Amino acid sequence: MSTPAPGAPNTRVLAGQCVVVTGATGFLGSHIALALLDAGAEVIGAVRTPAKGAWLVERGARMVQADLTDRASLVRAFAGVPTIVSNAAQGGHDADMATFERVNCQGLVDLFDAARDAGSRRIVHISSTAVYRTRLYARMDETTRGYDTDKRRFNWSDVTTDWRYARTKTLAERLAWERAATHGLALTTLRPGPIYGSRDEKATAILRA
């Protein structure tokens with residue numbers, strides 16, 4: 001393997017490391033998987049339908065079957081892997097509240113418990129800016145008040161985002177920090193805003209329209 005010239009950026013900073021990405025065949029998950037591959041990591045996609053990841057396998061990833069509603073499958077997928085990107089989540093408008101809670105909340109708890117059981121040490125959790133209470137015509141940053149999960153007051157967030165998604169992603173982030181502390185897992189939480197681009201079938205179509 002060639003060595004970067006002095007002063008040149010090392011584009012394979014994760015060479016020799018293995019990372020599991022849940023939901024790797026989805027829009028954001030596939031971009032995360034490709035970025036990790038480009039950085040030299042060995043990437044395992046923990047997905048419900050491995051066949052959908054055939055094109056990622058051609059790029060060097062490996063697919064295993066796992067589901068946030070099946071803790072045993074998560075333990076198998078995480079076995080021997082030190083780092084997990086917790087990306088999979090329930091979204092869309094065709095699921096009821098019980099499904100959102102089962103996947104985004106209980107599934108998050110099961111993921112952290114499975115990580116502990118599998119001996120993993122670090123989790124990068126993909127949260128969302130939906131965890132903030134939307135403020136119109138005002139700057140929002142990490143100090144912005146959180147989404148009101150008890151719905152005690154009007155939330156502009158309920159106009160801009162599916163309230164079931166906002167509520168369960170907010171609760172999931174709280175659970176992530178609690179579970180990480182309980183299990184002694186290193187945790188980083190990322191909160192991307194609206195995303196669009198290649199392979200996206202949602203936001204991109206709306207923006208084009």
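Residues numbered from 1 in each chain as written. Predicted model: local features only at pLDDT ≥ 70, side-chain atom pairs only at ≥ 80, totals over all residues. Heavy atoms only, no water.

Student: Help me out: how do you make sense of the overall build of the protein chain in this one?
Tutor: Within the protein chain, the regular secondary structure consists of seven helices and six strands. In the protein chain, the order of α-helices and β-strands from amino to carboxyl end is β-α-β-α-β-α-β-α-β-α-α-β-α. Relative to the globule expectation of 17 Å for 209 residues, the C-alpha radius of gyration of the protein chain, 18 Å, shows essentially globular dimensions. Counting only C-alpha atoms and orienting by the principal axes, one finds that the protein chain spans roughly 60 × 40 × 35 Å. Within the protein chain, the proportion of its 209 residues that are buried is 44%. Expressed as a percentage of contacts within the protein chain between residues at least 6 apart in sequence, the contacts between residues at least 24 apart total 64%. When the accessible surface of the protein chain is summed, it comes to about 11,500 Å², and 53% of that surface belongs to carbon and sulfur atoms. For the protein chain, the centre of its 27 positive side-chain charges and the centre of its 21 negative side-chain charges are spaced 3 Å apart. (Helix = DSSP H or I, 4+ residues; strand = E, 2+ residues; numbered from the N terminus. Rg over C-alpha atoms; globule rule 2.2 N^0.38 Å. Buried < 20%, exposed > 50% of the residue type's maximum accessible area, 1.4 Å probe, protein only. Contact = heavy atoms within 4.5 Å. Areas by Shrake-Rupley, 256 points an atom, 1.4 Å probe, with all protein chains shown as cover. Lys, Arg positive; Asp, Glu negative; His and termini not counted. Charge placed at Lys NZ, Arg CZ, Asp CG, Glu CD.)

Student: Looking at this structure, I do not really get the sheet that holds strand β1 (residues 18-22). What am I missing?
Tutor: Strand-to-strand pairing in sheets goes through backbone hydrogen bonds, with the strands running parallel or antiparallel. Strand order in the open sheet formed by six strands is β3-β2-β1-β4-β5-β6, and the pairing between neighbours is parallel. Here the strands that pair on one side only, and so sit at the sheet edges, are β3 (62-65) and β6 (186-190). Taken over all neighbouring pairs, the strand axes of this sheet differ in orientation by 20 degrees on average, direction set aside. The strands touched by helix α3 (residues 71-78) are β1, β2 (42-47), β3 and β4 (83-86); relative to β1, the strand with the most contacts, the crossing angle is about 155 degrees. Its contacts with the sheet put helix α6 (residues 163-183) on β5 (122-126) and β6, and the angle it makes with β6 is roughly 160 degrees. (Pairing = 2+ DSSP bridges. Axes fitted to C-alpha atoms, helices over the stretch in contact; angles between N-to-C directions.)

Student: Would you mind showing me how to read α3 here?
Tutor: Residues spaced three or four apart along an α-helix point in a common direction, a consequence of the helix completing one turn every 3.6 residues. Burial in α3 covers these residues: Ser 73, Leu 74, Ala 77 and Phe 78. Considered in projection along α3, the buried side chains sweep an arc of 130 degrees and stay on one side of the axis. The inward-facing, buried residues of α3 contact β1, β2, β3, β4 and α4 (97-118). Phi for Gly 80, located one or two positions after α3, is positive at around 80 degrees. (Arc of directions from axis to C-beta.)

Student: For this particular structure, what's the right way to read the side chain of His 125?
Tutor: Its place among the elements puts His 125 in strand β5. Take His 125: its relative accessible area is 3%, and that puts it in the buried class. Polar contacts involving the side chain of His 125 include one to the side chain of Ser 86, which spans 3.2 Å. Beyond its immediate stretch of four places on either side in the chain, His 125 contacts Ser 86, Leu 108, Lys 169, Glu 173, Ala 176, Leu 187, Thr 188, Thr 189 and Leu 190. (Polar contact = N/O pair within 3.5 Å; in protein donor to acceptor, adjacent residues only side chain to side chain.)

Student: Looking at this structure, I do not really get empty space enclosed by the protein. What am I missing?
Tutor: Where empty space is left can be seen by rolling a probe of water-molecule size over the atoms. If you walk through the whole model with that rule in mind, you get one cavity of 30 Å³ or more. In this model, the largest cavity occupies a volume close to 60 Å³. Listing elements by their share of the lining of the largest cavity, those giving two or more residues are α4 and α6. In terms of residues, the lining of the largest cavity owes the most to one element, α4, which gives four residues. By residue class, the composition of the lining of the largest cavity is seven nonpolar, three polar and one charged. (1 Å grid on protein atoms, 1.4 Å probe; cavity = no way out; pocket = protein on both sides within 12 Å on 5 of 7 lines; lining within 4 Å. Points joined across faces, edges and corners; volume = space filled by probe spheres on them. Nonpolar A, V, L, I, M, F, W, Y, C, P; charged D, E, K, R; others polar.)

Student: Looking at this structure, how should I read the nonpolar core?
Tutor: Where a protein is soluble and globular, its nonpolar side chains tend to be buried together. Judged by nonpolar contacts, the single largest core of 25 residues is most densely connected at Val 20, Leu 74, Phe 78, Leu 111, Phe 112 and Ile 123. Elements represented by at least two residues in this core include exactly β1, β2, α3, α4 and α6. A per-element tally of this core places α4 first, with seven residues. With residues near it in sequence (within four places) discarded, Phe 78 still touches Val 20, Thr 22, Ile 84, Leu 111, Ala 114, Ala 115, Ala 118 and Ser 120. One finds Val 21, Ala 24, Leu 56 and Val 85 within the second-largest nonpolar core, a separate group that totals 17 residues. (Core = buried A, V, L, I, M, F, W, Y, C linked by side-chain atoms within 4.5 Å.)

Student: Help me understand the side chain of Asp 113, please; the structure alone is not making it clear to me.
Tutor: Counting through the fold element by element, Asp 113 comes out in helix α4. Engagement of the side chain of Asp 113 in a polar contact is seen with the side chain of Arg 179, the distance being 3.0 Å. Only 2.7 Å separates the side chain of Asp 113 from the side chain of His 183, close enough to count as a polar contact.

Such coordinate-based values are descriptive only and should not be taken to indicate function.
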